[in-house]
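So you can see what is in the structure, the chains are spelled out below.
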Amino acid sequence: MMKMDFIDLKRQYNLYKNEIDEAIGEVVASARYIMGPQITQMEKELGRFVGNREVVSCSSGTDALLLALMALGVGPGDEVITPPFTFIATAETIAFLGAKPVFVDIDPVTFNIDPSLVEDAITERTKGIVAVSLFGQCPEFDELSEIAERHGLFLLEDAAQSFGATYKNRPSCGITEVAITSFFPAKPLGCFGDGGAVFTSDPGLAEHLKMLRNHGQKERYLHHSIGINGRMDTIQAAVILVKLRHFPKEVELRQEKAEVYNQGLSGVVETPKVLDHNLSVFAQYTIKAEKRDDLKSHLESQGIPVAVHYPIPLHIQPCFESLGYKEGSFPQAEKAAKMVMSLPMHPYLKEEEQEMVIEAIRGFYG
Ligand SMILES: Cc1ncc(COP(=O)(O)O)c(C=O)c1O
């Protein structure tokens, strides 16, 4: 049986091995393990990549969300609007700061927050909106920012899965006033551990974020606010600097791989729909399938790794029980959770691997 990975990080490493090993070796030899020069250089290059943003790197995508929400002043008594169909970190960080996540259902086609439902969820306590660019595709940011502006709310992009995507030719992380991404290894741009970044067009906010990332201090041992240790390691920045050089090519390869699946699976399952004004980075290639659980077992029995992102929407997670939502509160999110399945996806998938996945799915439906 041919063996394949869901996301083959070894294959990617072997392609850039020399550059990566050299870059890591430089950091190790320099002993500048924390806030070494590669951190500043990476922040500059990431900022340029998304079109002139200030970038504050940090220890994970989750900490990026936390830092961004802290800098935006989110705290007890506030409400923050967000979708229930996302990774836990999106809402967890809101709740962690003592604020209340207020869920708004998703659009069944893109799986992203449905802007037409947002206004009904706004109250006098609403402080902002955290919109997720799920699976690598941005939500309808023009509609969302119009609503945010009209109500004086912040609009934060959770771009953990969408670095490299575009919306109306604007790069993800460079669309809203504040955005975050994750460099978790399996993300489109991943490092070799945990890492993340906050992006902003507001230099004052960037300064505040830098302070919060480093125990609220501006100068050593003078603490202006309560912060965290949220720094990213220099070694991780060195890895990102190498991978960023190859990243535009990888974004193109992802389009090619997605197209192969689209062609091979059309008429068999519901393939992902990317809106005309969007470019997805396909952090996940997520189909909607009848008899999803049986299909999943069938593929796994043939050695094909698949994943369900996400099987339980956030509004019915035990940790959010006190929010008072029930099964039925968000029908689109619940329907998606029952039908979605992500297929192996990365820039270096081989033709025969994709063939095998396609054949196995077609075979299942006879
Ligand atoms: C939508 C979303 N937000 C936030 C995160 C958190 O990122 P990290 O795993 O780097 O903390 C993730 C990562 O899985 C994610 O998918």
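Rules of the game
Residues numbered from 1 in each chain as written. Predicted model: local features only at pLDDT ≥ 70, side-chain atom pairs only at ≥ 80, totals over all residues. Axes fitted to C-alpha atoms, helices over the stretch in contact; angles between N-to-C directions. Helix = DSSP H or I, 4+ residues; strand = E, 2+ residues; numbered from the N terminus. Parallel < 35°, antiparallel > 145°, perpendicular 65-115°, else oblique. Left-handed = near helix turned anticlockwise from the far one by under 90°. Contact = placed C-beta atoms within 7 Å. Nonpolar A, V, L, I, M, F, W, Y, C, P; charged D, E, K, R; others polar. Pairing = 2+ DSSP bridges. Near = placed C-beta within 6 Å. Core = buried A, V, L, I, M, F, W, Y, C linked by C-beta atoms within 7 Å. Buried ≥ 20, exposed ≤ 12 C-beta atoms within 10 Å, placed from the backbone. Domains from an automatic or database assignment.

Draft legend 1. Spatial organisation of the packing of helix H7 (residues 234-265) against helix H10 (residues 351-364). Packing of H7 against H10 leaves a shortest axis separation of 10 Å and a crossing angle of 25 degrees. What the angle tells us is that H7 and H10 run roughly parallel. Between H7 and H10 lies a crossing of right-handed hand. Together, Lys257, Val260, Tyr261, Gly264 and Leu265 of H7 and Gln354, Ile358 and Ile361 of H10 make up the contact between the two elements. Here the contact of H7 with H10 is built from residues that sort into five nonpolar, two polar and one charged.

Draft legend 2. Seen up close, the sheet that holds strand S1 (residues 54-58). As summarised here, the arrangement of the seven strands in space is S1-S9-S8-S5-S4-S2-S3, forming an open sheet in which the pairing is mixed. A strand with exactly one partner marks an edge of an open sheet, and here the two such strands are S1 and strand S3 (100-103). Between one strand and the next, the sheet's axes are offset by a mean angle of 25 degrees, whatever the strand orientation. Along the sheet, helix H2 (residues 37-49) contacts S1 and strand S9 (196-200); its crossing angle with S1, the most-contacted strand, is approximately 130 degrees. Sheet strands in contact with helix H3 (residues 61-71) are S1, strand S5 (154-158), strand S8 (178-182) and S9, and its direction is about 160 degrees off that of S8.

Draft legend 3. Just the site of the ligand, in detail. Within the structure, the ligand sits among 15 residues, and Ser60, Gly61, Thr62, Ala160 and Ser182 are positioned closest to it. Secondary structure elements with two or more residues in the shell around the ligand: H3 and helix H4 (89-96). Residue composition of the shell around the ligand, grouped by class: five nonpolar, eight polar and two charged.

Draft legend 4. Representation of the nonpolar core. Among the nonpolar cores identified, the biggest contains 103 residues, and Leu67, Ala68, Ile129, Ile180, Ala197 and Val198 are the most heavily contacted of them. Among the elements that line this core, the one with the most residues is H7, at nine residues. Inspection of this core shows a minimum of three residues originating in each of domain 1 (9-104 + 111-240) and domain 2 (247-364). Not counting residues within four places of it along the chain, the set of residues in contact with Leu67 comprises Cys58, Val198, Leu209, Leu212, Arg213 and Gly230.

Draft legend 5. Fine view of the domain arrangement of the chain. Domain annotation for the chain reports domain 1 (9-104 + 111-240) and domain 2 (247-364). Spacing between the C-alpha centres of domain 1 and domain 2 amounts to 24 Å. Of all elements in the fold, only helix H1 (9-30), S3 and strand S6 (166-167) reach the threshold of two or more residues within the side of domain 1 that touches domain 2. Ranked by the residues each element gives to the side of domain 1 that touches domain 2, the list is headed by S3, at three residues. Looking at the side of domain 1 that touches domain 2, its residues break down into 15 nonpolar, eight polar and four charged.

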